[in-house]
Structures are given as structure tokens and as C-alpha cells.
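What follows is each chain in one-letter form.
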Amino acid sequence: MHVPEPTAAAAGRPRPAVPDTSAPDSPASTTSETGHGETGRHVPGTADGRALVGPPSRPLTLLLALAGGLVTDAAFPDRGWWPLAFVGVAALFWALRRDGARWGFLVGLVWGLAFFLPHLWWANYATETVPWVALSVMEACFVAVLGAAWVWARRWPWLAGRAWAQAVGFAVLFVGVEQARTEVPFGGFPWGRLAFSQADSPLGRAAWLGGEVLVSLLVALAGSLLAVAVLALVRRRDVVTGAVVPVAVAGALVAAPLLVPLDTRAEAGTLAVGAVQGNVGEPGLGSFANRAEVLNNHLQGTVALLDQVEPGDLDVVLWPENGSDLDPQTAPDVARAIDDAAREVGAPILVGAQEYPETGGRYNVSLLWEPGTGVVDRYAKQHPAPFGEYIPLRSLLRIFSDQVDRVSIDMIPGTETGVVDLASERLGRTVPLGVVICFEVAYDGLVNDAVDAGAEVLVVQTNNASFGYTAESTQQLAMSRLRAVSTGRATVQVSTVGVSGVIAPDGSLLQSTELFTADQLVADLPLRTSLTPAVRAGDWPGRVVELLALGLLAAGVGSVVRERRADRASATPAAVTTRDDAR
């Protein structure tokens, strides 16, 4: 009996290649240089079956990801070549053009490792190899999740074949994942946000409108548009609309923040401050080995301010985090020494110190010391750094590294907003100082809360002694500059060893110091009370981007589920017909 030829579904023959959802107008995502898919089947779409531009080969894809991560790191301090952030994002966009969520995960992981390993090199200097690698891998895993999520999200039909939609979608997903890693795990770790590379870029001014979320979004979008433009050039199709226009739009996005009105004028008088960078005896782990050495350095630096000002000219003297390695509240000799220095300079001192409550643990505190009175106000760090100031999962992690025992006493988080009230006799009123300690400057919510609570200037107290001559301090200074813009507040970053700096409300760096030098800065800071759009918006920009990213992913996953159901539904009747005919 004659048996009809079975259908492709029944016989297991390969289906036609799936259109490349990662590259608009590309015939197939699995197209090779020969014009065939990974199954070897001829790919339709051009006269001879050859794709105009297929996805990069797998080795080239990984090389693109590797180069993209390295290039992105170069956009940050110390090098600070900020336009390279666009190139790095574009490289990731290109590298993720192949389908397959697992492959996307690998590509994202490679990009993330290439970025975070050099970017967080200071963690290796301050600890050892295992903690540095562990932190870098943890952060890189977020980029890996981005790679897998993008493979799914772009299967949404509305994105497939639309270059501009894909550029926007990728930027939203990138920043959505970036926002997630600022929140989890253990309170998140925002280091390396795209926005922090843009302190010297026109895009940095956009922080006034929407904080680092908006700045990162603009960087990611400009990079995605650059990738779309390069793709159009390689295809040699629609060069004007496909390449010239995206580049022009990207350029406009970068230049547009120049129109943002950044006001630097004083709204409530000025505050005369002196900042003391006392320095340490040696960089690295032994910087606080000698009792009271760091304290004495800052006492001497406070008196040295009198080379620039007369006693009583300053409203406040600012010391860095751990400016006193001993608690003046429990050590009478330390209290006397600080009080003598405050009397000599004729101003209160904002002292960085540690508190050890009887209940256990420790606080990282900023103490306002009034001469003749002592501590009149206090701020305790709200967000201790996990693995640096306290150790989560200590017993488990000890298996991998004994470095966990370097933090012998876990730090306790403070519960009060970062505002210290300074009574200014010259101004005849109380001036609220916004205070954040060290890594807290990376968390926009903490800084916004302080400004929303009335802070008229910002003080970033930090101790960078453990990080040597790495880029950690300049990376942190870039964050402080962006905070000045987003809040519209003059900012002073004061470090034990540098880099310290005075920053105008528009992010301009007015004064700065060198690393591992004893130095003092004197400045009149404009006091400002108005709230920027970024402060008023609070955490809404981040929440909106996260929701949009989840929506994109859900739409893509939903499309894939519907496609598979349709495939199964069409394959089942064909198989039944074949069996019936075979009888």
C-alpha cells in the first residue's frame, strides 16, 4: 500500500529558522557565514539564502563581551574616559545577538567579569584574592541574568524587527538589573553603576532630574543606539535612517542635559568649613596599627587650618571617617585633646569615630564636638558594608577564606536619618548638615532622605587608607560629585588619606587633595534649601524602571509560551493524519 510522505513535524525534519529577534531585519538568529542555520538548513531571506549580517560567531561573541567589559571600566576613574561607557554597552548589545538564554547568561557573565574584576581591584588590595573574586563574580552574575533575560524579552513580537524599540528595551532592562543589584543581596552594592562614570560628562547633569537611574538609562540608551547604527552600517542598508539618525539621536541625548538649569547660588547664606585630611603612617592594613596616631594627625591638621584662617572664622571643622581611632566619649585623654583643638581653632569639629556599646557590636559614628561642651549631636552609619564592616554567613564563609575573621566585631546599623544639626553663632541659626559615611554615598536613598529632612550641605566622611593607591577613592569622589548634582547641594568629601574634595552644587570639583598626604581645605559653601526633581521623586525612578524591565521580560516569556503552544497544536493534527493515512 502506498504510504504518503510524512510531514516535517512527523518526520522530525528541522523547522524553518526562527527570525533573529536580536537584530532587526536579520533573516535568522542562528545564521552562519554560509547562509545556513545551526541545523544546516538553508535560511530564507535573501536571494541566495545568505544572511546580510548574521550574529557573531560564538568565539567572537565572547571576545566582544570581554572587550565590552574592559572598555566600560575605562570609562570610570581613574582613567575617566566617559564616552567609552557607550561603547561598552554597545559591545554587550552586539554580543547578545545570538538566541539561547544559557548562552546569553554566559555572555553576560563574561562581560560582567571583564568589568568588575578590574573595577573592584581595590577589594583585592584591601583583603586578598578570594574576597575580591567572590564580590566580582556576585556582581557579574547580575549582568549574566541580564543576558539571559534579554534573550527572552526580545522575543516579544513588538520588539522583534524594530531597531529603535530594541534599543529602548535593552536600556530599560540593563538599568532595571542595575537597580536590582543596588538592593540585593544584603542591601545591595551600587558600585559600578553606569551613572558613576559620567561625573565629567554632560549626562551627569541629568542627575538633577532623575538621579543616577536617569543618567544610567541615558548612557545605556546611547550605547544601544550606537550598536543599532553600527549594525545598519555593516549591512549597508538604510544608512541614513538606520545609522545616521540613531547616532544623531544618541548625540542629542548626551548633549541635552546641558540645558538642565543647575543653580549654584546660596539660598540661605554660606557656611565656612575647614576639612582636615590627616593621613596615616602607611597605606594598607597597618594604617591604624599605632594607637592614637591617626587622631594626632588630625589634631595637628586642625591646628594647621590657622595658617589659612583666624580663630573663629570657621563655622565647623570636618574630620573624616575614623578621624579619631579612639572614642572620645569613653577616653578622657582623647576628649581633652579634641576639645583643646576645637577651642584653638574656635569652631566645633565633626569627628569620625567608633562606638562600642555594652550590648555588643559597634557603631560607625559622626560626632559633633562643641568646644567646652563635648558631643552635641551624632549620626550612626545606617548601611554598614557587608563583608567589610560586618560578616553575613560568617561560619559558612570561613570555609573559603579566613579573611572573615579580620572583622572581629560586626558593625550595627544606625536608625536615624543622616542629619547633624550645627548651631552657627555667625548665622544665628541651626544649619542641618547632611552626613553620609564612606560607601553610603553610593546609595541615593540615604542621601535623598537627608536632604528631604532639611540638609543644606552634604558631608561625605570616608576612610580610604586600606585601599592604597587604587582607584577606590576617585571612584567614590565621582559618586560624591553626582550626589551634589542630584541634590543641588554643595558637598565636601573628606578622607583620612585622600582623595578629599570640595564640590559645587553643579558637580564641579572646586578643590581636591592628593592621596596619602596631610592636607587641609577651606571653603565657603552655599547653603541651599530648595529640592531638586530627583530628590522629590525619591525612589520612584528606580521602581518604575524595575517594573518596566519585569514587564518586558514577562512579555517576551509570554510570547515564547504562546509560540510553543501553537507549535504543539499544529504538530499534533499532522501526526494524527499521518498515522491515519498509514493505515
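Residues numbered from 1 in each chain as written. Predicted model: local features only at pLDDT ≥ 70, side-chain atom pairs only at ≥ 80, totals over all residues. Heavy atoms only, no water.

**Brief notes about the nonpolar core**
Side chains of nonpolar character tend, in soluble globular proteins, to be buried together.
And step 1. Ranked by internal contacts, the top residues of the largest apolar core, which has 107 residues, are Leu92 and Leu271.
And step 2. When residues of this core are assigned to their parent elements, the largest contribution, 12 residues, is made by helix 8 (residues 207-235).
And step 3. Apart from residues lying up to four places away in sequence, Leu92 is in contact with Val107, Trp111, Val143, Leu146, Phe170 and Phe174.
And step 4. Listed in part, the 22 residues of the second largest apolar core include Leu314, Val317, Ile338 and Ile349. (Core = buried A, V, L, I, M, F, W, Y, C linked by side-chain atoms within 4.5 Å. Buried < 20%, exposed > 50% of the residue type's maximum accessible area, 1.4 Å probe, protein only. Helix = DSSP H or I, 4+ residues; strand = E, 2+ residues; numbered from the N terminus. Contact = heavy atoms within 4.5 Å.)

**As for the sheet that holds strand 10 (residues 501-503)**
And step 1. Spatially, 6 strands are ordered 6-7-8-9-10-11 in an open sheet, and the strand pairing comes out mixed. Strands at the two margins of the open sheet, each flanked by one partner only, are strand 6 (419-424) and strand 11 (509-512). Averaged over all adjacent pairs, the angle separating strand axes in this sheet is 20 degrees, with direction ignored.
And step 2. Along the sheet face, helix 14 (residues 472-487) touches strand 8 (457-462), strand 9 (491-495), strand 10 and strand 11 and points at about 160 degrees away from the line of strand 9. (Pairing = 2+ DSSP bridges. Axes fitted to C-alpha atoms, helices over the stretch in contact; angles between N-to-C directions.)

**Observations regarding the side chain of Ser500**
And step 1. Mapped onto the fold, Ser500 is located in the loop between strand 9 and strand 10.
And step 2. Only 2.9 Å separates the side chain of Ser500 from the backbone nitrogen of Ser495, close enough to count as a polar contact.
And step 3. Excluding residues within four positions of it along the chain, Ser500 makes contact with Gln277, Gln493, Val494, Ser495, Gln511, Ser512, Thr513 and Leu521. (Polar contact = N/O pair within 3.5 Å; in protein donor to acceptor, adjacent residues only side chain to side chain.)

**A closer look at the pairing of strand 1 (residues 270-277)**
And step 1. Burial analysis of strand 1 places 7 of its 8 residues in the buried class, which makes it a mostly covered element.
And step 2. Looking at chain direction, strand 1 and strand 12 (residues 519-526) are connected through 8 bridges and run antiparallel. Directly across from Val276, in strand 12, lies its bridge partner Gln520.
And step 3. Taken together, the 3 bridges between strand 1 and strand 2 (residues 316-318) define a ladder with parallel strand orientation.

**Regarding the packing of aromatic side chains**
And step 1. Per the stated rule, a full pass over the model turns up 20 aromatic pairs.
And step 2. In textbook terms, an aromatic cluster arises when at least three aromatic residues are bridged by ring pairs, as seen for Phe76, Phe93, Trp111, Phe115, Phe116, Trp150, Phe170 and Phe174.
And step 3. Positioned over the ring face of Trp94 is Arg97, at 5.1 Å from the centre of the ring. (Phe/Tyr/Trp six-rings, centres within 6.5 Å; stacked < 30°, edge-to-face > 60°. Lys NZ or Arg CZ within 6 Å of the ring centre and 35° of its normal.)

**What about the sheet that holds strand 5 (residues 374-380)?**
Strand pairing in a sheet takes place through backbone hydrogen bonds and is either antiparallel or parallel in direction.
And step 1. Strands sit in the order 5-4-3-2-1-12 across an open sheet of 6 strands; the sheet is mixed. With partners counted over all chains shown, the strands left at the sheet margins are strand 5 and strand 12, one partner each. Neighbouring strand axes in the sheet, compared pairwise and without regard to direction, differ in orientation by 30 degrees on average.
And step 2. As paired strands, strand 2 and strand 3 (residues 349-355) are joined by 2 bridges and run parallel to one another. Counterpart to Val317 in the pairing with strand 3 is Ile349.

Fair warning: the whole summary comes from geometry, so function is off the table for now.
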